[in-house]
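Inside the fold
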Amino acid sequence: MPPILPATGLMLLVGAVPVLHAENYTNVTVTPSTEVNMQFYDLNTQTGTSLQQQLQHSAPHGAPGRRAVGKAVYQLSWELDTTQRASVCQLYGVKIKTRIALTMPNWLQLASQPADQQGQWTHFLGTMQEYEGQHKGMVQSTASQLGQTLATLPVNASCQALQIEADQAGQSALQQLREQVQRYQQESGQGHSLGMKLPAL
């Protein structure tokens, strides 16, 4: 169940001004924040056999033309708090925001199922959460590192040029994150090494 990879909707500015000094910004406040949106979709079925059919119709769309039992969307954005002075762009703070949207199944009749089927389904949900937890950790680590990177950028004469440099650093961090996620997905067999496999109920 591959997650949707992080995305950013920032608009890149054009133009550039030469860097004023080789010095880096210091004493810049980094403010991280995380927004988590957890949603469930109901599966209303009495048997494990019909559960598969319900998933085909109710599970969220993942890759084009396919549905995923669970879905995770991660977004990472950044914002600079700057003031343009006569000869230098003053950088006061960096805001790093992580948005996480999770969609998971809710089997309404789970409690009425045989104990072994309840156990299998609960185990499956647990491994899904563990798998996505690894992705969440990668995103949060990237967010932390990016905040420090942006807070110590070289001092620039232009806030417009500084924003361009920050966006380039952010896009580079996102690309490295995508590669890290892809490696983990391959190494874990899309979570199969954790036991993440839809049970045959």
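Just so you know, the residues in each chain are numbered from 1, in the order the chain's sequence is written. Restriction of local features to residues with pLDDT of at least 70 applies here, the model being predicted, together with a cutoff of 80 or more for giving and counting side-chain atom pairs; totals for whole chains, interfaces and linings are based on all residues. The basis for every side-chain value is the complete set of heavy atoms in the structure, and neither hydrogens nor water enter the calculation.

1. Digging into helix α3 (residues 159–187)
Short version of the rule: Numbering goes from the N terminus for both helices and strands, where a helix is a DSSP run of H or I of at least four residues and a strand is a run of E of at least two. Multiplying 1.5 Å by the residue count of a helix minus one yields the expected span of that helix. Distance and chemistry together define a polar contact, namely a pair of N or O atoms within 3.5 Å, with one atom able to donate a hydrogen and the other to accept it when in protein, and with adjacent residues in sequence counting only for side-chain atoms on both sides.
In this model, α3 (29 residues) spans 42 Å end to end at C-alpha, consistent with the 42 Å of a helix rising 1.5 Å per residue. Where α3 begins, one side-chain oxygen reaches toward the backbone nitrogen of Gln160, 3.2 Å away; that side chain belongs to Ser158. Directly beyond the C-terminal end of α3, a positive phi value near 60° is found at Gly189.

2. Side note on the nonpolar core
Stated precisely, the cut-off is as follows: Here, nonpolar core means buried Ala, Val, Leu, Ile, Met, Phe, Trp, Tyr and Cys residues that are tied together by side-chain atoms lying within 4.5 Å of each other. The buried label goes to any residue with under 20% of its type's maximum accessible area, the exposed label to any with over 50%, and the partly exposed label to all in between, with areas taken from a 1.4 Å probe on protein chains only. In this analysis, two residues are considered to be in contact whenever any of their non-hydrogen atoms come within 4.5 Å of each other.
Grouped together as the largest cluster of nonpolar side chains are 24 residues, with contacts concentrated most on Leu43, Trp121, Phe124 and Met128. Sorting elements by how many residues they give to this core places helix α2 (residues 115–151) first, with 7 residues. Those residues in contact with Leu43, other than ones at most four positions away along the chain, are Leu51, Gln54, Leu55, Ser58, Pro105, Asn106, Trp107, Leu108, Gln109 and Trp121. Counting residues in each nonpolar core, the second largest holds 21 residues, with Trp78, Val94, Leu150 and Val155 among its members.

3. Points about the state of the cysteines
Such a bond, covalent and formed between the sulfur atoms of two cysteines, is termed a disulfide. Operational definition: Cysteine sulfur atoms that come within 2.5 Å of each other are treated as a disulfide pair.
Summed over all chains, the structure comprises 1 disulfide. In this model Cys89 forms its disulfide with Cys159; the gap between the sulfur atoms is 2.1 Å. When the S-S torsion is 100°, as for the bridge of Cys89 with Cys159, the disulfide is right-handed. Taken together, the residues Cys89 in strand β5 (residues 89–107) and Cys159 in helix α3 connect sequence positions 70 residues apart. On the accessibility criterion, Cys159 (14% relative accessible area) is buried.

4. Considerations on the pairing of β5
We apply this condition: By this definition, two strands are paired if DSSP reports at least two bridges between them.
The pairing of strand β3 (residues 29–43) with β5 spans 15 bridges and is parallel. Counterpart to Thr29 in the pairing with β5 is Gly93. Here 14 bridges tie strand β4 (residues 71–84) to β5, and the two strands are oriented antiparallel to one another. Its bridge partner lying in β5, Trp78 is registered against Ile96. Hairpin connection, β4 to β5: the antiparallel pair is bridged by 4 residues.

5. Things to note about the environment of Ser87
For Ser87, the location among the structural elements is in the loop between β4 and β5. Using a relative accessible area of 47% as the deciding quantity, one classes Ser87 as partly exposed. Considered as a pair, Ser87 and Ala157 are 70 residues apart in the sequence and their alpha carbons are 5.6 Å apart.

6. Comments concerning the packing of aromatic side chains
For the record, the criterion: Between the rings of Phe, Tyr and Trp (Trp by its six-membered ring), a pair exists once the centres lie within 6.5 Å; its type follows the angle of the planes, with under 30 degrees stacked, over 60 edge-to-face, and the other angles tilted.
The final tally for this structure, using the stated rule, is 3 aromatic pairs. Ring geometry for Trp121 against Phe124: centres 5.8 Å apart, planes inclined by 45°, an arrangement best described as tilted. Of this pair, Trp121 and Phe124 both sit in helix α2, 3 residues apart, roughly one helical turn. Residue Trp121 is classed as buried on the basis of its relative accessible area of 1%. Ring pairs connect the aromatic residues Trp107, Trp121 and Phe124, which therefore count as one cluster.

7. Here's the deal with unusual backbone geometry
Non-glycine residue Asn27 carries a positive phi angle of around 55°. Structurally, Asn27 can be placed in the loop between β2 (19–24) and β3.

8. A short note on the side chain of Asp167
Using the following cut-off: Positive: Lys, Arg. Negative: Asp, Glu. His and the chain ends are not part of the count. What makes a salt bridge here is a side-chain nitrogen of Lys or Arg within 4 Å of a carboxyl oxygen of Asp or Glu, nothing more.
Note on placement: Asp167 falls in helix α3. Arg178 is the oppositely charged side chain nearest to the buried, salt-bridge-free Asp167, at an N-O distance of 13 Å.

Keep in mind these values describe shape, not function.
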